[in-house]
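A look at the structure
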Amino acid sequence: MRDIRIEHNMAIEFVFSILRYVLSERLETDAQEGNVTLNEEIARWLESVNKQISPFMRADMLLLFKEFEPTPWIMIKMIVANNVSSPMDFMRLFEETDPEEFMQSCFRHKQAEAEIDYDTGDEELYEQLKEIMEEDKARLFIQFRKHPREIKRKLETVLRGFYEDFFQEYEDKIREIMELKVKEHNERFVSDREGFLQTIGYGDYGSILESNATVKIYVCYIFEYLFAYCNFESGNLIIITYGYAYAKKFDEKILRENITSLYKALADDRRLEILRLIGKRKWYSNELAKHFKLSPATMSYHMDILISTGIVTHEAGEQNRLFYKMNKEKLRELFDVALKDLLGE
């Protein structure tokens, strides 16, 4: 099995910080409808940007990153394909990019959705684009094709301005936060790679993980609720990006699985009695076996079921004995989650 790891890339974080800003209203609406609590620190940062940003830069950002949808995704592809990790290096790379080449890449990105001939006339291209987008956006794409140099100059200005005015001072804080997040997420990912992606991405990613394609997975901070799957180079490069907060869904999945295990564990009268006993004091294995007149193997079977839920732990004691004790905090946590699950809260 290939060694695919979750990474954090500050250049990708930077691009997504712009996307987060231009999509902030939609994200807030989605969060309210989904009963999701957004990060307060990120919300304060967005509010600060909103107060300070010029209306001209904001208008350009909305046009270039929101209305012209391929922009951030082609930038992400550039970052990954060129092994760039810092915003400054990415901006230098972008400034060296040919405007026409960048624009063609943006159109090729949409070819996954429809047959688009970049070199055809305006009317024919307009009809092709209408198959996958609204008419006003189709017209916008045609206008962008006519002015690649101007579009690229505006993008360079937006990137430099947003980085220097809003992102640069926040960079060290993000790096500090994400060092811990990457470690935590990789621990979850390694334990169940397919399950992790399936849970946060609502899809089956088993074939991707086993394919010969280059698979890159990046977690971001500012775009806390985002999952995006993009394939480039005829499927040979697959880039998965997601916001750090989506990992909570995997934790919730594990909790639900633990609740199911708890129900099964408590369905046996003998295991219930074992819990009552070790809830009062620590017992060692043979002591429990003698109390219930069970063989050591049968007692071990029951204890393994209880331990698998996390509500029972063990510790080494005197005379090399293994003592069992109740994890009361974990039991309360699972009962609380189970109650909310049953009540639909």
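Please read all numbers here as calculations on a predicted model, not as lab measurements. (Residues numbered from 1 in each chain as written. Predicted model: local features only at pLDDT ≥ 70, side-chain atom pairs only at ≥ 80, totals over all residues. Heavy atoms only, no water.)

**Overview of the overall build of the protein**
The helix and strand inventory of the protein stands at 18 helices and seven strands. In terms of overall size, the protein is more extended than a compact globule, its C-alpha atoms giving a radius of gyration of 26 Å where 345 residues would be expected to give roughly 20 Å. Seen through its C-alpha atoms, the protein measures out along the principal axes to roughly 85 × 40 × 40 Å. Burial statistics for the protein: of 345 residues in total, 48% are counted as buried. Residue pairs at least 24 apart in sequence account for 66% of intrachain contacts in the protein once pairs closer than 6 positions are excluded. (Helix = DSSP H or I, 4+ residues; strand = E, 2+ residues; numbered from the N terminus. Rg over C-alpha atoms; globule rule 2.2 N^0.38 Å. Buried < 20%, exposed > 50% of the residue type's maximum accessible area, 1.4 Å probe, protein only. Contact = heavy atoms within 4.5 Å.)

**Digging into helix α6 (residues 87-96)**
Turning to α6, its buried residues are P87, F90, M91, L93 and F94. The arc that holds every buried residue of α6, seen down its axis, measures 160°, which confines them to one face. Elements in contact with the buried residues of α6: α1 (10-22), α5 (70-81), α7 (99-110), α10 (148-167) and α11 (171-191). (Arc of directions from axis to C-beta.)

**Notes on the packing of α1 against α10**
Taken N-terminus to C-terminus, the directions of α1 and α10 make an angle of 90°; their axes are 11 Å apart at the nearest point. On the basis of the axis angle, α1 is roughly perpendicular to α10. Of the residues in α10, those touching α1 at M10, E13, F14, S17, I18 and Y21 are L159, F162, Y163 and F167. Grouping the constituent residues of the contact of α1 with α10 by class yields eight nonpolar, one polar and one charged. (Axes fitted to C-alpha atoms, helices over the stretch in contact; angles between N-to-C directions. Parallel < 35°, antiparallel > 145°, perpendicular 65-115°, else oblique. Nonpolar A, V, L, I, M, F, W, Y, C, P; charged D, E, K, R; others polar.)

**Regarding the layout of surface pockets**
What the second largest pocket holds in volume is close to 630 Å³. Taken together, 25 residues form the lining of the second largest pocket, with I74, K77, S105, H109 and F232 sitting closest to its centre. Residues that form the lining of the second largest pocket fall into these classes: ten nonpolar, seven polar and eight charged. (1 Å grid on protein atoms, 1.4 Å probe; cavity = no way out; pocket = protein on both sides within 12 Å on 5 of 7 lines; lining within 4 Å. Points joined across faces, edges and corners; volume = space filled by probe spheres on them.)

**Considerations on the nonpolar core**
Counting residues in each nonpolar core, the largest one holds 96 residues, and the members touching the most others are F65 and F90. The greatest single-element share of this core, amounting to ten residues, is contributed by α1. Setting aside anything within four residues of it in sequence, one finds F90 in contact with A11, V15, M75, M78, I79, V84 and L159. Counting residues in each nonpolar core, the second largest holds 23 residues, with L294, M303, I311 and M326 among its members. (Core = buried A, V, L, I, M, F, W, Y, C linked by side-chain atoms within 4.5 Å.)

**Quick word on the packing of α1 against α5**
It is the contact of α1 with α5, at a shortest axis distance of 10 Å, that shows an interaxial angle of 175°. Classified by the interaxial angle, the pair formed by α1 and α5 is roughly antiparallel. Counting all contacts with α1, which are made through A11, I12, V15, F16 and L19, the residues of α5 involved are P72, W73, M75, I76, I79 and V80. Class assignment of the residues belonging to the contact of α1 with α5 gives a composition of eleven nonpolar, no polar and no charged.

**Concerning unusual backbone geometry**
The phi dihedral of N83 falls on the positive side, at around 55°, and the residue is not glycine. Its place among the elements puts N83 in the loop between α5 and α6. Residue K293 is not a glycine yet carries a positive backbone phi of 55°.

**A look at empty space enclosed by the protein**
Empty space among the atoms can be located by rolling a probe the size of a water molecule over them. All chains considered together, the criterion is met by one cavity of 30 Å³ or more. Put simply, the largest cavity is a space of about 40 Å³. Listed by contribution, the elements that provide at least two residues to the lining of the largest cavity are α5, β3 (227-232) and β4 (237-243). A total of three residues in the lining of the largest cavity trace back to one element, the largest contributor, which is β3. Among the residues making up the lining of the largest cavity, the classes are represented as six nonpolar, one polar and no charged.

**Comments concerning the sheet that holds strand β1 (residues 6-7)**
Strand order in the open sheet made by the four strands is β1-β2-β4-β3, with mixed pairing throughout. What marks the edges here is a single partner per strand, and that holds for β1 and β3. (Pairing = 2+ DSSP bridges.)

**Overview of the side chain of T241**
Tracing the sequence through the fold places T241 in strand β4. Excluding residues within four positions of it along the chain, T241 makes contact with F16, W73, Y218, L226, F227 and A228.

**Remarks on the environment of L275**
Summarising the element assignment, L275 is placed in helix α15 (residues 269-278). Considered as a pair, L275 and E179 are 96 residues apart in the sequence and their alpha carbons are 39 Å apart. Once residues lying within four places of it in the same chain are set aside, the contact partners of L275 are L266, L306, I311, V312 and M326.

**Side note on the environment of E333**
Inspection of the secondary structure puts E333 in helix α18 (residues 328-343). E333 sits 74 residues away from I259 along the chain, and the two C-alpha atoms are 9.9 Å apart.

**Description of the pairing of β3**
As paired elements, β3 and β4 share six bridges and run antiparallel to each other. The residue of β4 that forms the bridge with Y229 is I240. Remark: four residues form the turn of the hairpin made by β3 and β4, two consecutive strands paired antiparallel; E233 in that turn has positive phi of roughly 55°.

Note that all results are geometric; they support no functional claim without further evidence.
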